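Descriptive analysis of the structure
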Amino acid sequence: MIRGIKITKNLGIAFVLFLGFACSQQKGLVDDLQSFTTTLDVHLEAIAKGNLEQLAPTVSESVIMIGPDGRKYDGKDAFMDLHKNWFASSNWKWDGRILKTESSDSLGFGLVQYKYTENDPAGHVTLESNAYLILVFKNSALGWQLTHDQNTSIPTIK
């Protein structure tokens, strides 16, 4: 009888240890998923504010970007050059909102709808465009980084 109690006690301890391990693994996964959404938020904030230093760590060396005009940009240098030239101007506003996100421990994507406007020196709108933006991030040793940026123009949003 004592031996049966010992086995049951050992099984109980093993179960508690297993449950603790499983919960810690799940917590790590939740942290990774929260890290993805945090990185997505940082990335979008950097775009809205025109902040290259904030944007750079969120972008992979092998990123591919397709602009709303269909132009393709390969690699981080091309991506950052485009943004550097864009951010150098102060007559624009980018306003985006996240419509959907999905993620696993290794990949995440966000669907963003945005409105882009440019103004003349008097403040009159000279350009207005609307688009969907699909951003695909990969989790690596450097953290979550953008690997694909796909813009698709859409009709004007009221």
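In what follows, the accompanying structure is described. Model, not experiment: these values are computed from the prediction.

Right, let's talk about the environment of Val112 for a bit. Along the chain, Val112 turns up in strand E4 (residues 107-119). Distance from Val112 to Ala131, taken between C-alpha atoms, is 8.3 Å for residues 19 residues apart in sequence. Apart from the residues within four sequence positions on either side, Val112 is in contact with Leu44, Trp94, Gly96, Arg97, Ile98, Leu99, Ala131, Tyr132 and Leu133.

Mapped onto the elements of the fold, Val59 is located in strand E1 (residues 59-66). When the C-alpha positions of Val59 and Met80 are compared, they lie 8.8 Å apart, and in sequence the two are 21 residues distant.

Here we come to the side chain of Gln145. Along the polypeptide, Gln145 turns up in strand E6 (residues 143-154). Here the side chain of Gln145 touches Pro57 through a polar contact of 3.2 Å, landing on its backbone oxygen. In this structure, Gln145 is in contact with Pro57, Thr58, Val59, Ser60, Val136, Phe137, Lys138 and Ser140, ignoring residues within four places of it in sequence.

With that out of the way, let us pick up the pattern of salt bridges. Going through the model one piece at a time under the given rule, you end up with five salt bridges. Between Glu45 and Lys49 there is a salt bridge, and its shortest N-O distance comes to 3.0 Å. Highlighted residues: Glu45 and Lys49, both in helix H1 (residues 2-49), separated by four residues, approximately one helical turn. Taking relative accessible area as the criterion, Lys49 reaches 59% and is therefore assigned exposed. Salt-bridge contacts for Asp69 lead to Arg71; the nearest nitrogen and oxygen are separated by 3.3 Å.

Time to look at the sheet that holds E4. The strand order across the open sheet formed by six strands is E2-E1-E6-E5-E4-E3, and the pairing between neighbours is mixed. At either end of the open sheet lies a strand with only one pairing partner, and these are strand E2 (72-74) and strand E3 (92-103). Sheet twist, expressed as the mean angle between neighbouring strand axes with direction ignored, is 20°. Judged from the eleven bridges that link them, E3 and E4 form a sheet pairing that is antiparallel. Counterpart to Trp94 in the pairing with E4 is Tyr116.

This brings us to the packing of aromatic side chains. The relative placement of two aromatic rings is captured by the distance of their centres and the angle of their planes. Tallied over the entire structure, the rule returns eight aromatic pairs. Ring geometry for Trp92 and Tyr116: centres 6.3 Å apart, planes at 25°, overall stacked. With Trp92 in strand E3 and Tyr116 in strand E4, this pair connects stretches of sequence that are 24 residues apart. Overall, Tyr116 belongs to the buried group, its relative accessible area being 11%.

Basis of the calculations
- Residues numbered from 1 in each chain as written.
- Predicted model: local features only at pLDDT ≥ 70, side-chain atom pairs only at ≥ 80, totals over all residues.
- Heavy atoms only, no water.
- Helix = DSSP H or I, 4+ residues; strand = E, 2+ residues; numbered from the N terminus.
- Contact = heavy atoms within 4.5 Å.
- Polar contact = N/O pair within 3.5 Å; in protein donor to acceptor, adjacent residues only side chain to side chain.
- Salt bridge = Lys/Arg side-chain N within 4 Å of Asp/Glu carboxyl O.
- Buried < 20%, exposed > 50% of the residue type's maximum accessible area, 1.4 Å probe, protein only.
- Pairing = 2+ DSSP bridges.
- Axes fitted to C-alpha atoms, helices over the stretch in contact; angles between N-to-C directions.
- Phe/Tyr/Trp six-rings, centres within 6.5 Å; stacked < 30°, edge-to-face > 60°.

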